[in-house]
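# Chains, contacts and geometry: an overview
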Amino acid sequence: MLTDVLAWFADPANWQGEGGILNRLLEHVLLSVTATAAAALVGLPLAIWLGHLGRGGTLAINISNIGRAIPTFAVLLVLALGPIGTSYLGPYGRAGLATLVALVLFALPPIITNAYVGMREVDRDLVESARGMGMTGVQVLREVEIPLALPLIMSGLRLAVVQVWATATIAALVAGPGLGRIVTLGFVRQDLAQVVGGALVIAVIALALEVLMVTLQRRLDPVARAKRQAAGTSVLGSVELRS
Amino acid sequence: MSLFRRPLTSRRRVATAAVVAPLLLLGACAGDDALSSDGGGGGDTASAGGGTVVIGGQNYSEMQIMSSMYQALLEDAGYDVTLKLVESRDVYEPEMEKGNVDLSADYLSSMTEYLNKAENGPDAKVVASNDADATVEELQKLAAPRGIEPLEPAQAQDANAFAVTEEFARKNNLTSLSDLGKLGSPIKLAAAEDCSQRTDCEIGLEKTYGIDISKVEPLGFGTQGTKDALAKGEVQLGQVGTSDATLEDLGLVLLEDDKELQNAENLVPMVNSDFLKANRDVATVLNEMSAGLSTDDLATMIGKVDGNRELPEDVARAYLQDKGLIS
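What comes next is a walk through the structure. Worth saying up front: this structure is predicted, and the values here are computed from it rather than measured.

The secondary structure content of chain B amounts to 14 helices and 10 strands. For chain B, buried positions account for 54% of its 327 residues. Pairs at least 24 apart in sequence give 77% of the contacts found in chain B among residues at least 6 apart.

Another point: helix 10 (residues 224–232) of chain B. Taken as a whole, helix 10 of chain B has its buried residues at B:Gln224, B:Gly225, B:Thr226, B:Lys227, B:Ala229 and B:Leu230. In the stretch just after helix 10 of chain B, B:Gly233 is the one whose phi turns positive, near 85°.

Another aspect to go through is the pairing of strand 8 (residues 237–241) of chain B. Residue and element names in this part refer to chain B. A large share of strand 8 lies buried, amounting to five of its five residues. Judged by which residues are buried, strand 8 turns out to be covered on both faces: Leu237, Gln239 and Gly241 on one side and Gly238 and Val240 on the other are all buried. Sheet topology places strand 6 (residues 187–191) next to strand 8; two bridges connect them, and they run parallel. By the bridge assignment for strand 8, Leu189 is matched with Leu237.

Attention now goes to helix 13 (residues 295–308) of chain B. Residue and element names in this part refer to chain B. Between the first and last C-alpha of helix 13 there are 19 Å, a value that for 14 residues agrees with the 20 Å anticipated at 1.5 Å per step. Those residues of helix 13 not exposed but buried are Leu298, Ala299, Met301, Ile302, Lys304 and Val305. Where helix 13 is buried, its residues contact helix 3 (61–76) and helix 14 (312–322). Taken from the residues just after helix 13, Arg309 is the one with a positive phi, measuring 60°.

Once that is clear, we can look at the pairing of strand 7 (residues 213–218) of chain B. Residues and elements named next belong to chain B. Two elements, strand 6 and strand 7, share five bridges in a ladder whose sense is parallel. Note on strand 7: the bridge partner recorded for Lys188 is Lys215. In this fold, strand 6 hands off to helix 9 (residues 202–207), which returns the chain to strand 7; that crossover is right-handed.

Analysis parameters
Residues numbered from 1 in each chain as written. Chains lettered and ligands numbered in written order. Predicted model: local features only at pLDDT ≥ 70, side-chain atom pairs only at ≥ 80, totals over all residues. Helix = DSSP H or I, 4+ residues; strand = E, 2+ residues; numbered from the N terminus. Buried ≥ 20, exposed ≤ 12 C-beta atoms within 10 Å, placed from the backbone. Contact = placed C-beta atoms within 7 Å. Pairing = 2+ DSSP bridges. Expected span 1.5 Å × (residues − 1). Right-handed = clockwise from strand over helix to strand, strands pointing away.

Here you go:
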């Protein structure tokens, strides 16, 4: 079995052409990046703004959580059969819009929930102090709340990225693009090596994305960064930030 | 013919593809648990007309009906029957070799090619054909070393076929695939994912029938997706099964395979050889039923199950009683 899978990877024919690993990988990246970016573009401003106001978050979280309660595949089928349809959408292929919408709905809950909670978890004393120093609402948001909420915001994005990457395989089930097609084709051809090979590509990259996002999350965390700097340079009197 | 040709009902088939990969990965261990728990089988039951039988098979309307017929017939012959239907052939087939499953309903060419690919790899040369007798011989050759064998195939078939909308057929005066070839216009096809590489799909449609296939949408064999795409006019031609009872309601008609491109897919009982040796009367009972079962009979039964929501076992029983095969 293992040797079959290795042989499948070693065969250059499996990497080239429309159905090859490279092209399917590119399609998959495009699909995942677009869906995650769109979800972040919609979800982050909304969650951060609501978090800043301290209102409406529960409602937003609950609405976005509907996306978690309904299986993405069901959403995709309903969208494809219903109003959005199965027409081609550029590089996103057959039922491209339905696939993107289904993936965005799937990516929204972790992004909104984490960003909102991150904003609410910022120490109220710090926010009060910032206001006391004369900062405007926007300044408080930009200089205090967002930096301190960043670890959780990033954690939401990380979840979304990895989930969407793995779930984008469902595009294959409506004859769309992406790595899922390698698996479905292998399945129909009764080629277990191809099924496992395709699944491995998806899984390994999902893990790599997770590691990448964790690293990014650590890098961007201002508290950890401040601590590192403090430890590294041993500057006396450096402000210790607590969150 | 591919292994997963008819793994599920049209509706469920799509959904299951989503869990295909994990299922396959778990296949080996899950299969053991799913089937061997109380699958003692009747292999060592010496006396005819008694003992236990475990019937395995795939879990969608057509196979539920076939398995229910086998069950009713064997119960009538005095056997104690356990029915274990699962999602795909590679769960029950290995168990049949081991004797944990004694009997299953299968498709002639699909089963032949399943064993062919299991033996000779995914790119094995196709040995099944349009000729049912020749295919049975190939099947016997492939099955024997594995300790299983086919009984007499039924006349009833669920072969691959190609459908168009009634309107399209009427407008262009089509009754066969040759007619479609003569029409000469570019045709979009919805079919199984591997269609482009298959001689009984895109390659054959182009070479044998001269049909200009402009695009293949990999929507699956006989799936709801394929039939919807046809009905909506997204594609002009769709790959479906001959015993599909929903075609008429959807306004779809089959084009005749007048150049015999498709493999014979007669419904055939596969049995564990040891079990059969100990229970010869099983062959007699099942062969008698197979001899009288036509594709129309089968399609009618499937229509009752899928359309009227009748239970497969009731439909199977009613048919057998009607034919005087059980009391």
